[in-house]
Amino acid sequence: MKTKFDVIVVGGGHAGCEAARAAAIMGSETLLITMDMTKYANMSCNPAVGGVAKGQIVREIDALGGMMGIITDRSTIQFRMLNRSKGAAMWSPRAQCDKELFSRLWRRELEHTDNLNLWQDDVTAISIDGDKITGVQTRLGMKFEASAVILTAGTFLEGLIHVGRSQTRGGRIGEMASLGLSAQLASLGFEVGRMKTGTPARIDGRSIDFSKLTIQYGDEEPDKFSFLPETAPTQKQLPCYIAYTSPRVHDTLRKGFNDSPLFNGTIAGIGPRYCPSIEDKLRTFSDKEQHQLFLEPEGSDTIEYYLNGFSSSLPWQVQFEALSKIEGFENIALFRPGYAIEYDYFPPTQLQHTLETKLIKGLYFAGQINGTTGYEEAAAQGLIAGMNAHLALTGRKPFILRRNEAYIGVLIDDLVTKGVDEPYRMFTSRAEYRILLRGDNADIRLTGKGYEAGLADEHRMNIVRDKIKKIEQLQSFIKDYSASPEEVNNYLASVNSSPINQKRKLIDIISRAEISLDQLTEQLPPLKNFITEHKYNKETIEEVNILTKYKGYIEREKLIAERLERLENIRIRDDFDYNTLKSITIEARQKLSKIKPKTLGQASRIPGVSPSDINILLVYFSR
């Protein structure tokens, strides 16, 4: 039995799977330890991937060489591109997935990854030598050695499940909690906090009257997540459904408030602001007479449904009675009630940007253990932690994405610089450079970086090189080709665009908001011939369309990013004593001393550090 490895990953959720695969693919002998090998990357809550900003993160994971996008494409049962009516920076892919298939595909991937070993067990302690990690110990008495350990424990650390006044230890319903590890880390000097999340009841589809619900179909022409041609958009989509609560439903729910662990002081953990329980909604939005709910299938060959928007920890009897008063749910049958779960997390200001802890060398945290919520945020952290664990062991420079390079960069910088006071969820509004960080160009932005680090392979890199070449060729064509009124005016009239009275460059015509390069291609034979000859796909044409329309905005954002880059290039020593600078505020000294920012740019984003404090630091360090 092998017991010595380069990297050990603890936890087989979305973060753990990406971390273990990344470290192994890059060349580290890796061990993934999980409590249940049938639950790899389990979708504990809603069976979906992507959404606003989250979809962009999945595209970035794929561009770097991760697996989440590929497995999502292969298990998609409905695809929708959210925010299509807005600008390209806001387009966000979302896929409803077959929950069981998603997990099975991940297991298959892990079992066929070189350098990756699997073990089913519960890690109860880490092993250290001074301030360095040396391995882990398990409930079964195993001792595994490694120079890097990545903790991705999700909601399992001291997990406590609540249904009304009933409580049970667990990391998920029916699965035991991980006990002891938090206490050890606290004894080593780590700050430990408590958070809460929840999930809705699961419903027997045979008991639903779908005729009373509003049907919600996927896109007529579905897209996909991965940039690789090995995956394809789903051909068979299942519908979702929309239902609504009512005053009758609300009155029933309120009857259980005295038994709600959220309201009677039983739950001390902080819950997610942007995914509240139904009882939270009733209290926060007491004037609303209804709330929208989304009924989503858990898979293509199951009758189990997930009720998005009805997360609850009320007594099961109250949940059942309230659900039965929703139109279409009169004869409702449940597989299990909704529940809340409290778990331990570690404030992420205790981490470097590599996700290595500041206290123990070689120990990394990724996922909900860092105070985040969502599969996508977890997977992104796992990928970065796995890459950095391998790079550190091989003496190479760390892999850090900046805020103007990726949503993943925004995510990690927010965590380690600002910390969290509630479960963190990514939104497009958190990114200053969201016009640069579009989902469509994630491969152009990041595949080269993933390739250089050793995760993305030559095949993926060649696809990106070809895409860039074709984009440049098509851009040159539309810059050089002049269209006559006879060629385009009929099309312009059909989209209510002003006609031209003399020849105009195609680039000027495509720059108009109402013009679609894809549609124009069908009306203009020279353009169509060029695209056919060079075998352009839909994604490349769309990319040129976006780059043409948003050219001014893109260039302006790049200029702003370059100006702010100056602060990112001013390094600060880890041992710098901020208390020697009496000209900055006491709060700034305290915050800077705690976070220990690596650069002046990071310092400028710490809450409590004002612009005037940064100006003083800029003058000081510029000397």
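Everything below is about the structure printed above this text.
To start, this report covers the structure provided alongside it. (Residues numbered from 1 in each chain as written. Predicted model: local features only at pLDDT ≥ 70, side-chain atom pairs only at ≥ 80, totals over all residues. Heavy atoms only, no water.)

## Things to note about the overall build of the chain
Alright, step 1. In terms of regular secondary structure, the chain is built from 21 helices and 23 strands.
Alright, step 2. Against the 2.2 N^0.38 benchmark of 25 Å for 623 residues, the chain shows a C-alpha radius of gyration of 26 Å, consistent with a compact globule.
Alright, step 3. Residue burial in the chain is summarised as follows: out of 623 residues, 57% are buried.
Alright, step 4. Working note: accessible area of the chain is about 26,400 Å², and carbon and sulfur atoms make up 48% of it. (Helix = DSSP H or I, 4+ residues; strand = E, 2+ residues; numbered from the N terminus. Rg over C-alpha atoms; globule rule 2.2 N^0.38 Å. Buried < 20%, exposed > 50% of the residue type's maximum accessible area, 1.4 Å probe, protein only. Areas by Shrake-Rupley, 256 points an atom, 1.4 Å probe, with all protein chains shown as cover.)

## Quick look at the pairing of strand S13 (residues 193–199)
Alright, step 1. Burial analysis of S13 places 6 of its 7 residues in the buried class, the great majority of the element.
Alright, step 2. Pairing of S13 with strand S20 (residues 339–345), which is carried by 7 bridges, proceeds in the antiparallel orientation. Looking at the pairing, Lys-196 lines up with Glu-342 of S20. (Pairing = 2+ DSSP bridges.)

## Remarks on the packing of helix H2 (residues 54–64) against helix H11 (residues 442–453)
Alright, step 1. For the pair H2 and H11, interaxial distance at closest approach is 7 Å and the crossing angle is 40 degrees. In terms of orientation, H2 and H11 fall into the oblique class. Like other packed secondary-structure pairs, H2 and H11 cross with a definite hand, here right-handed. Here Arg-59, Glu-60, Ala-63 and Leu-64 of H2 lie close against H11, whose contacting residues are Ala-442, Asp-443, Arg-445, Leu-446, Thr-447 and Gly-450.
Alright, step 2. For the contact of H2 with H11, a count of residues per class yields 4 nonpolar, 2 polar and 4 charged. (Axes fitted to C-alpha atoms, helices over the stretch in contact; angles between N-to-C directions. Parallel < 35°, antiparallel > 145°, perpendicular 65-115°, else oblique. Left-handed = near helix turned anticlockwise from the far one by under 90°. Contact = heavy atoms within 4.5 Å. Nonpolar A, V, L, I, M, F, W, Y, C, P; charged D, E, K, R; others polar.)

## As for the packing of aromatic side chains
Alright, step 1. Applying the stated rule across the entire model yields 17 aromatic pairs.
Alright, step 2. Judged by centre distance (5.2 Å) and plane angle (90 degrees), the ring pair of Tyr-620 and Phe-621 falls under edge-to-face.
Alright, step 3. Within the aromatic cluster, the residues linked to one another by ring pairs are Phe-477, Tyr-481, Phe-530 and Tyr-536.
Alright, step 4. One cation-aromatic arrangement involves Arg-84 over Trp-91; the distance from NZ or CZ to the ring centre is 4.0 Å.
Alright, step 5. Cation over ring: Arg-430 sits above Tyr-424, and NZ or CZ is 4.2 Å from the ring centre. (Phe/Tyr/Trp six-rings, centres within 6.5 Å; stacked < 30°, edge-to-face > 60°. Lys NZ or Arg CZ within 6 Å of the ring centre and 35° of its normal.)

## Quick look at the pattern of salt bridges
Alright, step 1. Under the criterion given, the structure shown has 43 salt bridges.
Alright, step 2. A salt bridge links Arg-403 to Glu-432; its shortest N-O distance comes to 2.9 Å. In this pair, Arg-403 sits in the loop between helix H9 (375–393) and helix H10 (407–418) while Glu-432 sits in the loop between H10 and H11, placing the two residues 29 residues apart along the sequence.
Alright, step 3. A relative accessible area of 7% places Arg-403 in the buried class.
Alright, step 4. Of the residues examined, Glu-432 reaches a relative accessible area of 38% and is grouped as partly exposed.
Alright, step 5. Measuring nitrogen to oxygen at the nearest pair gives 2.6 Å for the salt bridge that ties Glu-568 to Arg-605. Remark: Arg-605 occurs in the loop between helix H20 (600–604) and helix H21 (611–622) and Glu-568 occurs in helix H18 (residues 551–568); sequence separation between them is 37 residues.
Alright, step 6. Given a relative accessible area of 15%, Glu-568 falls into the buried group.
Alright, step 7. Here Arg-605 falls in the buried class, since its relative accessible area comes to 17%. (Salt bridge = Lys/Arg side-chain N within 4 Å of Asp/Glu carboxyl O.)

## Observations concerning the nonpolar core
Alright, step 1. Ile-8, Leu-363 and Ile-408 are the most contacted members of the largest nonpolar core, which totals 110 residues.
Alright, step 2. Per-element tally for this core: the top contributor is H9, with 10 residues.
Alright, step 3. Apart from residues lying up to four places away in sequence, Ile-8 is in contact with Leu-31, Ile-33, Val-136, Phe-144, Glu-145, Ala-146, Ala-148, Val-149 and Ile-150. (Core = buried A, V, L, I, M, F, W, Y, C linked by side-chain atoms within 4.5 Å.)

## Thoughts on the side chain of Glu-279
Alright, step 1. Its location among the elements puts Glu-279 in helix H7 (residues 278–284).
Alright, step 2. No salt bridge is formed by the buried Glu-279; the nearest opposite charge belongs to Lys-196, separated by 6.6 Å.
Alright, step 3. Discounting chain neighbours no more than four positions away, the residues touching Glu-279 are Phe-257, Ser-260, Leu-262, Phe-263, Ser-311, Ser-312, Ser-313 and Leu-314. (Lys, Arg positive; Asp, Glu negative; His and termini not counted.)

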